[in-house]
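Observations on the three-dimensional arrangement
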Amino acid sequence: NDDTVREWLARGIFNTFNHSKSENDLTRRDVLLNELSVLAPDDGVVRKWFARGLFNALVYAKNENNLDHCNTLLEKLRVLTNLHPSEKAVRENLVMGLFNTFRDAKKGNMLDLSDALLEELRVLAKQHPDDPVLAEALARCDGG
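Cut-offs used in this document
Residues numbered from 1 in each chain as written. Predicted model: local features only at pLDDT ≥ 70, side-chain atom pairs only at ≥ 80, totals over all residues. Heavy atoms only, no water. Phe/Tyr/Trp six-rings, centres within 6.5 Å; stacked < 30°, edge-to-face > 60°. Helix = DSSP H or I, 4+ residues; strand = E, 2+ residues; numbered from the N terminus. Buried < 20%, exposed > 50% of the residue type's maximum accessible area, 1.4 Å probe, protein only. Lys NZ or Arg CZ within 6 Å of the ring centre and 35° of its normal. pLDDT = per-residue confidence, 0-100. Salt bridge = Lys/Arg side-chain N within 4 Å of Asp/Glu carboxyl O.

Section: the packing of aromatic side chains
- Applying the stated criterion across every chain yields a total of three aromatic pairs.
- For the pair Phe14 and Trp49, a centre-to-centre distance of 5.1 Å together with 55° between the ring planes defines the contact as tilted. Here Phe14, found in helix α1 (residues 2-22), pairs with Trp49, found in helix α3 (residues 44-63); they are 35 residues apart in sequence, far enough to count as distant. When sorted by exposure, Phe14 lands in the same class as Trp49, which is buried.
- Grouping aromatic residues by their ring pairs yields a cluster made of Phe14, Phe17, Trp49 and Tyr60.
- Geometry around Trp8 places Arg11 over its ring, the cationic atom sitting 5.1 Å from the centre.
- The ring of Trp49 has Arg52 sitting right over it, with the charged end atom 4.5 Å from the ring centre.

Have a look at this one:
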């Protein structure tokens, strides 16, 4: 059926996106992430893979020390989550991105940023009190 085809297509694009990073083909990586973004608006299955792609791209940008791109990717995850607040897979990628950014900000002694990210996680936790990924991330922030 169409859902299965879209799922496999999204997975394929996502996997190729990840491989393009290991091949150091940054242009191809950006093109593939954009392909997922084009497919994502009308399809929750594709959005899950797009959110994962945004999260992975955030990790890659951090490793490349491209902080402006990190901010852009984190904002895209925020927007995607705000547009689809009930989609757990999308929200989880935002939570992981916020947590990683919080941890980096705290290590870098950027207290204003780490405080803002912690507050953002707390607000999300109030909105989604039964989300175990969010609860774990928040506990790890508060504990360390």
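Remarks on the confidence of the model for the chain
- Per-residue pLDDT for the chain has a mean of 91; in total, 98% of the residues score no lower than 70.
- When mean pLDDT is taken per element in the chain, helix α5 (residues 88-107) scores highest with 96 and α1 scores lowest with 88.

Side note on the pattern of salt bridges
- Evaluation of the coordinates by the stated rule reveals 12 salt bridges.
- Two residues, Arg29 and Glu64, come together in a salt bridge whose shortest N-O distance is 2.9 Å. Of this pair, Arg29 sits in helix α2 (residues 26-39) while Glu64 sits in the loop between α3 and α4 (67-83); the two residues are 35 residues apart in sequence, bridging distant segments of the chain.
- By relative accessible area, Glu64 is classed as partly exposed at 31%.
- Here the salt bridges do not stand alone but share partners, grouping Asp3, Arg6 and Asp43 into one network.

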